[in-house]
Structure formats: C-alpha cells, structure tokens
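Listed here are the chains, written in short residue letters.
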Amino acid sequence: MEKILVVGAGFMGSGIAQVSAHAGYQVHLVDISASIMEKALRNIRWSMEKLEEKGLLNDPAEKVLGRISLEEDLSCASRVDWVIEAVLEEEEVKRRIFRELDRVAPKETPLATNTSTIPVTRLAENTSRPERVLGLHFFGPVPLMGLVEVVKGEKTSQDVFARGIAFVRSLGKIPVQVKRDIPGFVMNRIFSAAFREAVDLVDQGIVTPEDVDVGMRLGYGWNAGPFEIADNAGLDTVARVGQTMKALGAGHLAPGSDLIERMVAKGHLGRKTRRGFYRYSPDGKRLPSA
Ligand SMILES: NC(=O)c1ccc[n+]([C@@H]2O[C@H](COP(=O)([O-])OP(=O)(O)OC[C@H]3O[C@@H](n4cnc5c(N)ncnc54)[C@H](O)[C@@H]3O)[C@@H](O)[C@H]2O)c1
C-alpha cells in the first residue's frame, strides 16, 4: 500500500488525509500540536460517519480511519511515497518545511504543496529536487469538492506532473492542469477577481453578503456564493491569501478595502468561529440572518 504524509492537520490537511485514506492509501498526518491532530481525527470521524450514513463509503469508516496514523514530527517522511504540505499560508513556514522534507524524504518522493497562492517554484527552490516539487491545490471541504489543480513549477518534470494527475484521479477527483506557475494559479485568480468586487461592494454598503450570494447562485448558477465560500474557507486564510497575492504582485486580485482584516481582528473567522459573514449554530448550521 502506498504511503502518504500530510503536513498540517487543519481544514485542508485533515480533508486531504481523509480522502487519501478513503482511496486506500496509508496516511501519516502531522501538525504542531497533539490537540490539533486529535481534533482533526474527530472531524474526520464525524465526516466519515456522515458519508457512511449516506452510503457513500467503499469501506467501513473504522477501516478507513485505521489507515490514518498521527505523527509527532516529520521523521516519518523517510518512509513515504508522497508528501502533501498543507500548513498555514505563510511562505517562511512552508519554506522551512520544504527544507526539512527534502532532508528526510527519499530522493524519489514527490513533494506537493496545497498552497493557494505561492508559486510552486519558490518552494521548490528550498529543495535539492525541484523537478519533484509540484502543486496539488485541493478545494475545501476536500471530501465534498471534486476539483484539484495540479500545478507545474518551472522545474517540475513532466513525469512528476503526470504522476500528480494520476494521483488526483486515484482519489476520485478531477485534475485541472495548470501548466505555468503563477501566483494564485487559475481558479483562485478567477474567484479572487469576483470576490474582490463583492467585498468592496458590501463594504460600501451597496449590497448585503446574502444578496450577493443569492445573486451569484440564481444569476450565474454558482453552487455557493462568494461569501459562503469565504466563510467555509476561513477568513484568516482568505486574508492571508489576499496579503500573499499583494506581496507577489497580484494585488489587483486582492480586496481593495480592509473589511476582511477588520473581521479577522474581531475573531470573526467564518464557520470555524461560528461567525463570519453569516452566523452558525454549534452544530455548524447557518442561522437565519437578522
Ligand atoms: N481553506 C481553504 O479553503 C483552502 C483551499 C485551498 C488551499 N488552502 C491552503 O491550504 C493550506 C492550509 O489551509 P487551511 O485552510 O487548512 O488552514 P488551517 O489554519 O485550517 O490549517 C493550517 C494548519 O497548519 C498547521 N501548522 C502550522 N505550522 C505548522 C508546522 N510547522 N508543521 C505542521 N503543521 C503546521 C496549523 O497548526 C494548522 O492546523 C494553506 O496553504 C491554504 O492557503 C486552503
């Protein structure tokens, strides 16, 4: 059985671990604290049980969970066939992790990043194997979203790019190939352009978040509106994406107003804190707007 290391057990890392275990891989999951990993495991169990109730699991939830082991550090990278990094969107933290992974992982193991914005090439520079570094950009919530962008860095080999595409398919997801490495890749750039305008219109008091979301669902056939997507993603992550886009010279895609930063400063991070553009009950259901 192929082994995968997922670094970061937050919203995205726990989802990536879940879908990989579901697809039959042996998964090692690591984060900076045991309590975060325990929480990730509880979330994965909750999600697996929901999928099991709906008859959407191939194997019993317990069997899938049995394929996930929690790790204390990156030393298990020495035994894995794939690494997927999904830590917070901070370039310095990711660079440090890539240096460490390059030291520990077998030379043939591909190192993938789930970064939303940072060009893969910049992370690959921290390794001695840039031809084996690529982007696997999942969408959240990972168990429910069918898309993964596979990003080719400047030095990613055609073989590793093709293996990334095959790996995504093995998870039951559809790959979109990003053939040149630019900040925000493709989907986030398109979403960010719409979100930038939506945030600025709301901050000027021209429209409510709810009306924008209704409008994009009914008028353009989106499954979820931009503020629903942002609340699910976490407004702290959305703020970091905007800051990174600016730092990488793609500031025209980041919101012009500081509405998101103001919400983050108040601790309104979206669904995870039960308050963002919407409010949520303790079991995660959206509450009616006042
Ligand atoms: N939230 C989304 O919808 C979304 C979508 C696609 C991609 N991403 C990207 O995925 C990555 C993770 O985002 P998230 O939403 O899961 O964030 P998150 O805050 O939920 O999780 C990040 C995790 O990284 C951990 N971490 C921090 N430093 C670490 C270290 N040195 N070693 C191990 N773990 C460490 C944190 O403890 C936290 O659990 C980011 O790069 C983000 O841009 C997010």
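## Overview of the packing of aromatic side chains
- Inspection of every chain in the model, using the stated rule, returns 6 aromatic pairs.
- Geometrically, the ring pair formed by Phe191 and Trp222 is tilted, given 6.3 Å between the ring centres and 40° between the ring planes. Taken together, the positions of Phe191 in helix α7 (residues 187–203) and Trp222 in the loop between α8 (209–220) and α9 (226–233) put the pair 31 residues apart, joining distant regions of the chain.
- Judged by its relative accessible area of 27%, Trp222 is partly exposed.

## A look at the domain arrangement of the protein
- Assigned domains of the protein: these are domain 1 (3–178) and domain 2 (189–273).
- Using only C-alpha atoms to locate each centre, domain 1 and domain 2 end up separated by 25 Å.
- Between domain 1 and domain 2, the contact holds 9 residues from the first and 7 residues from the second.
- In this assembly, domain 1 and domain 2 are joined by 1 salt bridge.
- Here Glu90 and Arg240 are joined by a salt bridge, their closest N and O atoms 3.1 Å apart.
- Here domain 1 and domain 2 share 1 residue pair in polar contact (both at pLDDT 80 or more) between them.

## Some details on the site of the ligand
- Close to the ligand lie 22 residues, the nearest being Met12, Asp31, Glu89, Lys94 and Ser116.
- At a separation of 2.8 Å, an oxygen atom of the ligand approaches a polar side-chain atom of Lys94.
- Ser116 places a side-chain nitrogen or oxygen 2.6 Å from an oxygen atom of the ligand.
- Its free accessible area being 830 Å², the ligand has 86% of it covered by the protein chains.
- When residues in the shell around the ligand are grouped by element, the largest group, 3 residues, is from helix α4 (residues 91–104).
- Grouping the amino acids of the shell around the ligand by side-chain chemistry returns 12 nonpolar, 7 polar and 3 charged.

## As for the pairing of strand β1 (residues 3–7)
- Of all the 5 residues making up β1, 4 are buried; the element is thus mostly covered by neighbouring parts of the structure.
- As paired strands, β1 and strand β2 (residues 26–30) are joined by 5 bridges and run parallel to one another. Within β2, the position partnered with Ile4 by the bridge is Val27.
- Assessed by its sense of winding, the connection that carries the chain from β1 through helix α1 (residues 11–22) to β2 is right-handed.

## Notes on the side chain of Ser47
- Mapped onto the fold, Ser47 is located in helix α2 (residues 34–53).
- Here the side chain of Ser47 touches Gln18 through a polar contact of 2.8 Å, side chain to side chain.

## A few points about the pattern of salt bridges
- Counted under the stated rule, the structure contains 18 salt bridges.
- Residue Glu125 pairs with Arg95 through a salt bridge whose shortest N-O separation is 3.8 Å. In this pair, Glu125 sits in the loop between α5 (120–124) and β6 (133–138) while Arg95 sits in helix α4, placing the two residues 30 residues apart along the sequence.
- Accessibility expressed as a relative area gives 14% for Arg95, which makes it buried.

## A word on the nonpolar core
- By size, the foremost hydrophobic cluster in this structure holds 37 residues, and its most contacted members are Ile84, Leu136, Phe138 and Phe167.
- Sequence-distant contacts of Leu136, that is, excluding residues within four places in its chain, are made with Trp82, Ile84, Ala112, Thr113, Asn114, Val148, Glu149, Val150, Gly164, Phe167 and Val168.
- Counting 23 residues, the second largest nonpolar core, distinct from the first, contains Val7, Val104, Val120 and Val151.

## Some details on unusual backbone geometry
- In the segment running from Gly140 into Pro141, the intervening peptide bond is cis, with an omega of -5°.
- As for its placement among the helices and strands, Pro141 is situated in the loop between β6 and β7 (147–152).
- Its identity as a non-glycine residue notwithstanding, Phe185 has a phi of 55°, on the positive side.
- The class for Phe185 is buried, based on a relative accessible area of 1%.
- A positive phi is found at Arg274, a non-glycine position, where the angle reads about 65°.

What counts as what
Residues numbered from 1 in each chain as written. Predicted model: local features only at pLDDT ≥ 70, side-chain atom pairs only at ≥ 80, totals over all residues. Heavy atoms only, no water. Phe/Tyr/Trp six-rings, centres within 6.5 Å; stacked < 30°, edge-to-face > 60°. Helix = DSSP H or I, 4+ residues; strand = E, 2+ residues; numbered from the N terminus. Buried < 20%, exposed > 50% of the residue type's maximum accessible area, 1.4 Å probe, protein only. Domains from an automatic or database assignment. Contact = heavy atoms within 4.5 Å. Salt bridge = Lys/Arg side-chain N within 4 Å of Asp/Glu carboxyl O. Polar contact = N/O pair within 3.5 Å; in protein donor to acceptor, adjacent residues only side chain to side chain. Near = heavy atom within 4 Å. Areas by Shrake-Rupley, 256 points an atom, 1.4 Å probe, with all protein chains shown as cover. Nonpolar A, V, L, I, M, F, W, Y, C, P; charged D, E, K, R; others polar. Pairing = 2+ DSSP bridges. Right-handed = clockwise from strand over helix to strand, strands pointing away. Core = buried A, V, L, I, M, F, W, Y, C linked by side-chain atoms within 4.5 Å.

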